[in-house]
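Observations on the model geometry
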Amino acid sequence: MTVVSGLPRSGTSMMMQMIAASGVPILTDDARAPDRSNPRGYFEHEAVKRLARESGFVSSASGMALKVVSPLLPRLPSGPHYRIVLMKRDLDEVLRSQARMMGGTAANSPAERKGEDGILRAAFTKSVAQARAWIENDPNTLGLEIEHGEALCEPLQVARRVAEFLGRSSETDALAGMAAAVDTSLYRTR
């Protein structure tokens, strides 16, 4: 089973599109419609939000790709073999992108906004560290980390790495399709 993970706003939807272009079917329920922040869609499955309480649906993703944000990654059931593509993005960009998506923050003063960013930064840092530790320590899990910026600047090279990691075709057409899933015009928060 392929799992795409990372922080919110780290490029997980983009990676799901790349993986779909490689020919791996994706498990999504399309409950979250495309919007201004993700005009191509989110590629999520609502059941993932309940992963801490209910994980039975995960077995239906066998042979497919499933998107699981990094805070929930350690909640995946043990036993299945996972290939996890972990997206990484500069935390300042993640925070700015999230604030932009949410229409700014609820805080009134710059000091309040800075405090909220500090709390989120600490939570996000911890989440990524826990996800990495889980990937490294689970004997049935292989991981590949992809930098968001690298995927934008070198989509063909990233497509090649991901295809190899997933055991997919590295034919020129397949890689070109994966690379074409990267839309640099959507990189609006730097």
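This text gives an overview of the structure that appears in the document. (Residues numbered from 1 in each chain as written. Predicted model: local features only at pLDDT ≥ 70, side-chain atom pairs only at ≥ 80, totals over all residues. Heavy atoms only, no water.)

1. Some details on the pattern of salt bridges
Here is the rule: For this document, the term salt bridge refers to a Lys or Arg side-chain nitrogen within 4 Å of an Asp or Glu carboxyl oxygen. Think of it this way: any DSSP run of H or I at least four residues long counts as a helix, any run of E at least two long counts as a strand, and we number them from the N terminus. Think of it in three bands: with a 1.4 Å probe and only protein chains considered, a residue is buried below 20% of the maximum accessible area for its type, exposed above 50%, and partly exposed in between.
Under the counting rule described, the total for this entry stands at 10 salt bridges. Between Arg 40 and Asp 183 there is a salt bridge whose closest N-O contact spans 3.7 Å. Of this pair, Arg 40 sits in the loop between helix H1 (12-21) and strand E2 (65-67) while Asp 183 sits in the segment after helix H6 (172-180), placing them 143 residues apart in sequence. Asp 92 is paired through a salt bridge with Arg 121; the nearest N and O atoms lie 2.3 Å apart. Remark: Arg 121 occurs in helix H3 (residues 110-137) and Asp 92 occurs in helix H2 (residues 91-101); sequence separation between them is 29 residues. On the basis of relative accessibility, which here comes to 33%, the residue Asp 92 falls in the partly exposed class.

2. Here's the deal with the layout of surface pockets
Where we set the bar: Only protein atoms enter the calculation, which uses a 1 Å grid: trapped sets of points that fit a 1.4 Å probe without letting it out are cavities, open sets showing protein on both sides within 12 Å along at least five of seven lines are pockets, and any residue with an atom within 4 Å of a point is a lining residue. Grid points are joined across faces, edges and corners, and a volume is the space filled by probe spheres set on the points. Classification convention: Asp, Glu, Lys, Arg as charged; Ala, Val, Leu, Ile, Met, Phe, Trp, Tyr, Cys, Pro as nonpolar; all other residues, Gly among them, as polar.
Each pocket or cavity is described by its volume, and for the largest pocket that value is around 860 Å³. In terms of lining residues, the largest pocket is bounded by 37 residues, among which Arg 9, Ser 13, Asn 38, Tyr 42 and Met 101 are the most central. Listed by contribution, the elements that provide at least two residues to the lining of the largest pocket are H1, H2 and helix H4 (148-153). Across the lining of the largest pocket, the residue classes tally to 13 nonpolar, 13 polar and 11 charged.

3. A closer look at the nonpolar core
Rules: Residues grouped as a nonpolar core are buried Ala, Val, Leu, Ile, Met, Phe, Trp, Tyr and Cys residues, joined through side-chain atoms within 4.5 Å. By definition in these notes, contact holds between two residues if any of their heavy atoms fall within 4.5 Å.
Core analysis: the biggest nonpolar cluster contains 27 residues, and Met 15, Met 18, Ile 19, Ile 146 and Val 162 have the highest contact counts within it. Listing elements by their share of this core, those giving two or more residues are H1, strand E3 (82-88), strand E4 (141-147), H4, helix H5 (155-166) and H6. Considering every element that reaches this core, the biggest residue donor is H5, with 6 residues. Beyond its immediate stretch of four places on either side in the chain, Ile 19 contacts Thr 2, Val 4, Val 24, Ala 65, Val 85, Val 162 and Leu 166. Grouped together as the second largest cluster of nonpolar side chains are 21 residues, Val 3, Leu 51, Leu 66 and Ile 84 included.

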